[in-house]
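Architecture and fold: a report
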Amino acid sequence: MTHPHQRLLIIDFGSQVTQLIARRLRELKVYCEIHPFNRVDGAFLQDFAPKAVILSGGPASAYREDAPMPPAGIFDLGVPVLGICYGQQVMMHCLGGRVEGGHGTAEFGRAFVTPTDDRLALLDGWFATGTEQVWMSHGDHVSQLAPGFAVYGTSPNAPFAITADVARGFYAVQFHPEVHHTPKGAKLYENFVRLAGFTGDWTMASYREDAIAKIRAQIGDGKVICALSGGVDSSVAAVLIHEAIGDQLTCVFVDHGLMRLNEAEEVVAMFRDAYSLPLIHVDESALFLGALEGISDPEAKRKTIGRLFIEVFEKQAKAIGGADFLAQGTLYPDVIESVSFAGGPSVTIKSHHNVGGLPEKMGMKLVEPLRELFKDEVRALGRELGLPARFIGRHPFPGPGLAIRCPGEITREKLDILRKADAVYIDQIRKHGLYDEIWQAFATILPMKTVGVMGDGRTYDYAVAIRAVTSVDGMTADTYPFSPEFLGETMTRIINEVKGVNRVFYDLTSKPPGTIELE
């Protein structure tokens, strides 16, 4: 098969950061796909026709009988291969080297690699100061190189931290260059794709063109119903699909009573007035809030919301005479955090609300044109599609809405307080010109009341926590460093302007160990 772009294949062995490899490559305008090791066979390789292959990290030990292995023939393709962590170990194991565990060989966190030979083209731009910081996460190590390989760098617990068989174009590193804790990791990937002959031919303009062609081929003359939440993801998906198939698409915007202040009105106005998309607006707040009454467990909240979305969409799909497809704004992080991409072996973090039960129940098929994009790539696609900059730059908003920003039981009183506190907080950020510097900022109402003093009187009101993080793709995040003056001013405004709040906390937790949202 002839493909429109040069293609790189990432074989996933279950690392939690495999998606970051793809992220780094896309920054280099290289088209890549992640596929789990057990779904790549000879026929797949022939069809995919990769120009290079990367073997990801993973939690297994390459020397065990049940260890995941790359597909037969992967080293006979005649293309460059880069092994990362477990990918290095499995490469050595398959090609005649040796991997061992134990004996104090584990290495987790920051480490420093010293070059033994810096003439390797993969390392152009490295070792200017003699050593390089990298991020290690391994319990096993390579103890004997495969024939044809030489060592180019060592670390305290990885004698073969960087190895290569230059003649065959095989490269392997024990560390993770995809994480930001390896400061020059991006340069290593840049060198690898240059050595593999990539020209950087993948852009958002080409993605748009390819996605429209794929949508038309998938849909044909069928009808599509789109779950429009009003967030950037589903909005970009809706505009993209509408560009592909026009009035075969019907968008359904469900106001579940968990939206931010005035959000429902703003979303409806934009899509009906500015884009003339076929849009059904249904207010189901009574249904959702009634069903959520008394529920405090976060997973139970998500599942309740997901179940109700299914019921609402089923009803609306019947109202328009049926639909053949359901469109969603599902992204890479959604897929990875629910279950490893395409069924790989990484660990579930939390379930997502997307209405995954609906297609099977109603005989519909899913249309998910953003499924392999990260959040910043979706924004780039939105700009390519001409969506307003103010809208594209909006901070992410979760599908379950304020339900997961209201830990504990949800009540209308708490939601009203939360909406007002959040609106004041975001207004503060905008007034100080900080909105575009922050990946995501929001308020949460905590499941507690505290004693306070206002004037000469005692209060017993809710506590609110405010959160702001910086991130590139939402997979990791750091706390935004507000000034004490900003935090003090914001606290004063929230307490003065929002009745029912007498205490404000600022959440300093990064991701990991926390997630961005509280639930």
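Please read all numbers here as calculations on a predicted model, not as lab measurements.

The next thing to look at is the overall build of the chain. A tally of regular secondary structure across the chain gives 15 helices and 20 strands. Relative to a compact globule of 519 residues, whose C-alpha radius of gyration would be 24 Å, the chain shows 25 Å and is just as compact. Principal-axis analysis of the C-alpha atoms places the extent of the chain at approximately 75 × 60 × 40 Å. Burial analysis of the chain (519 residues in total) assigns 58% to the buried set. Sequence separation of 24 or more characterises 76% of the internal contacts of the chain that already satisfy a separation of 6 or more. When the 50 basic and 63 acidic side-chain charges of the chain are each reduced to a single mean position, those positions are 3 Å apart.

What follows covers the sheet that holds strand 13 (residues 249–255). Read across the open sheet, the 5 strands follow the order 14-13-12-15-16; overall the sheet is parallel. A strand with exactly one partner marks an edge of an open sheet, and here the two such strands are strand 14 (279–283) and strand 16 (365–367). With strand direction ignored, the average angle separating the axes of adjacent strands in the sheet is 25°. Where strand 13 meets strand 14, 5 bridges bridge the pair, whose relative direction is parallel. Counterpart to Val252 in the pairing with strand 14 is Ile280.

Let's shift gears to the packing of helix 14 (residues 412–431) against helix 15 (residues 484–497). It is the contact of helix 14 with helix 15, at a shortest axis distance of 9 Å, that shows an interaxial angle of 145°. The crossing of helix 14 and helix 15 is right-handed. Here Ala421, Val424, Tyr425, Asp427, Gln428, Ile429 and Lys431 of helix 14 lie close against helix 15, whose contacting residues are Phe486, Glu489, Thr490, Arg493, Ile494 and Glu497. Tallied by class, residues from the contact of helix 14 with helix 15 come to 6 nonpolar, 2 polar and 5 charged.

It is worth spelling out the environment of Lys511 at this point. Structurally, the position occupied by Lys511 is in the segment after strand 20 (501–506). The exposure class of Lys511 is buried, given its relative accessible area of 11%. For Lys511 and Ile295, which are 216 residues apart along the polypeptide, the C-alpha to C-alpha distance reads 26 Å.

In contact at an axis separation of 9 Å, helix 5 (residues 204–219) and helix 6 (residues 232–245) are set at 65° when each is read in the N-to-C sense. Relative to helix 6, the crossing made by helix 5 is right-handed. Of the residues in helix 6, those touching helix 5 at Arg208, Ala211, Ile212, Ile215, Arg216 and Ile219 are Leu240, Ile241, Glu243, Ala244 and Ile245. The residue inventory of the contact of helix 5 with helix 6, partitioned by class, reads 8 nonpolar, no polar and 3 charged.

Another aspect to go through is unusual backbone geometry. Here the bond from Lys511 into Pro512 is cis, since omega is -15°, no more than 30 degrees from zero. Inspection of the secondary structure assignment puts Pro512 in the segment after strand 20. In this structure, Pro513 follows Pro512 across a cis peptide bond, with omega equal to 10°. On the secondary structure map, Pro513 appears in the segment after strand 20. At Asn262, a residue that is not glycine, the phi angle is positive and equals roughly 65°.

Residues at a pLDDT of 70 or more form 92% of the chain, whose mean pLDDT is 87. For the chain, per-element mean pLDDT is lowest for helix 11 (residues 357–362), which scores 58, and highest for helix 14, which scores 97. Considering only residues more than four positions removed or in separate chains, one finds that residues 339–353, a stretch of pLDDT under 50, has 46 contacts.

Along helix 4 (residues 185–195), the residues that are buried comprise Gly185, Leu188, Tyr189, Asn191, Phe192 and Val193. Taken from the residues just after helix 4, Gly197 is the one with a positive phi, measuring 90°.

Before going further, it helps to spend a moment on the side chain of Arg379. Turning to its location among the elements, Arg379 is positioned in helix 12 (residues 375–385). Here Arg379 is buried and forms no salt bridge, its nearest opposite-charge partner Asp233 lying at an N-O distance of 7.0 Å. Residues contacting Arg379, with those up to four places away along its chain left out, are Val232, Ile392, Gly393, Arg394, His395, Pro396 and Trp439.

Right, let's get into the packing of aromatic side chains. Using the criterion set out here, one finds 15 aromatic pairs in the structure. Their ring planes at 70° and their centres at 5.7 Å tell us that Trp126 and Phe127 sit as a pair that is edge-to-face. Here Trp126 matches Phe127 in class, with each residue buried. What links up through ring pairs into an aromatic cluster is the set Tyr425, Tyr480, Phe482, Phe486 and Tyr506. Over the face of the ring belonging to Phe397 we find Arg260, whose NZ or CZ atom lies 3.9 Å from the ring centre.

To continue, consider the environment of Thr304. Locating Thr304 in the fold gives a position in helix 9 (residues 298–319). Taking relative accessible area as the criterion, Thr304 reaches 8% and is therefore assigned buried. In this structure the C-alpha to C-alpha distance between Thr304 and Leu77, which are 227 residues apart in sequence, comes to 48 Å. Those residues in contact with Thr304 that lie beyond four places of it in its chain are Ala291, Leu292 and Ile295.

Of all hydrophobic cores here, the largest spans 50 residues; its most connected members are Tyr425, Ile429, Phe482 and Ile494. When residues of this core are assigned to their parent elements, the largest contribution, 8 residues, is made by helix 14. If near-sequence neighbours (up to four positions away) are discounted, Ile429 is found in contact with Leu434, Tyr435, Ile438, Ala441, Phe482 and Phe486. One finds Ala211, Ile212, Leu331 and Phe391 within the second-largest nonpolar core, a separate group that totals 44 residues.

Below, the discussion takes up the pairing of strand 10 (residues 158–165). Of all 8 residues that make up strand 10, 7 are buried, and the element is covered over most of its length. In this structure, strand 9 (residues 150–155) lies alongside strand 10, joined through 4 bridges in antiparallel fashion. Directly across from Ala150, in strand 10, lies its bridge partner Ala164. The antiparallel hairpin formed by strand 9 and strand 10 contains 2 residues in its connecting segment. Sheet topology places strand 10 next to strand 11 (residues 170–173); 4 bridges connect them, and they run antiparallel. Residue pairing for strand 11: Ile162 is matched across the bridge by Val173. As consecutive antiparallel partners, strand 10 and strand 11 are separated by 4 residues, and within that stretch Gly169 has a phi angle of approximately 75°, a positive value.

Rules of the game
- Residues numbered from 1 in each chain as written.
- Predicted model: local features only at pLDDT ≥ 70, side-chain atom pairs only at ≥ 80, totals over all residues.
- Heavy atoms only, no water.
- Helix = DSSP H or I, 4+ residues; strand = E, 2+ residues; numbered from the N terminus.
- Rg over C-alpha atoms; globule rule 2.2 N^0.38 Å.
- Buried < 20%, exposed > 50% of the residue type's maximum accessible area, 1.4 Å probe, protein only.
- Contact = heavy atoms within 4.5 Å.
- Lys, Arg positive; Asp, Glu negative; His and termini not counted.
- Charge placed at Lys NZ, Arg CZ, Asp CG, Glu CD.
- Pairing = 2+ DSSP bridges.
- Axes fitted to C-alpha atoms, helices over the stretch in contact; angles between N-to-C directions.
- Left-handed = near helix turned anticlockwise from the far one by under 90°.
- Nonpolar A, V, L, I, M, F, W, Y, C, P; charged D, E, K, R; others polar.
- pLDDT = per-residue confidence, 0-100.
- Salt bridge = Lys/Arg side-chain N within 4 Å of Asp/Glu carboxyl O.
- Phe/Tyr/Trp six-rings, centres within 6.5 Å; stacked < 30°, edge-to-face > 60°.
- Lys NZ or Arg CZ within 6 Å of the ring centre and 35° of its normal.
- Core = buried A, V, L, I, M, F, W, Y, C linked by side-chain atoms within 4.5 Å.

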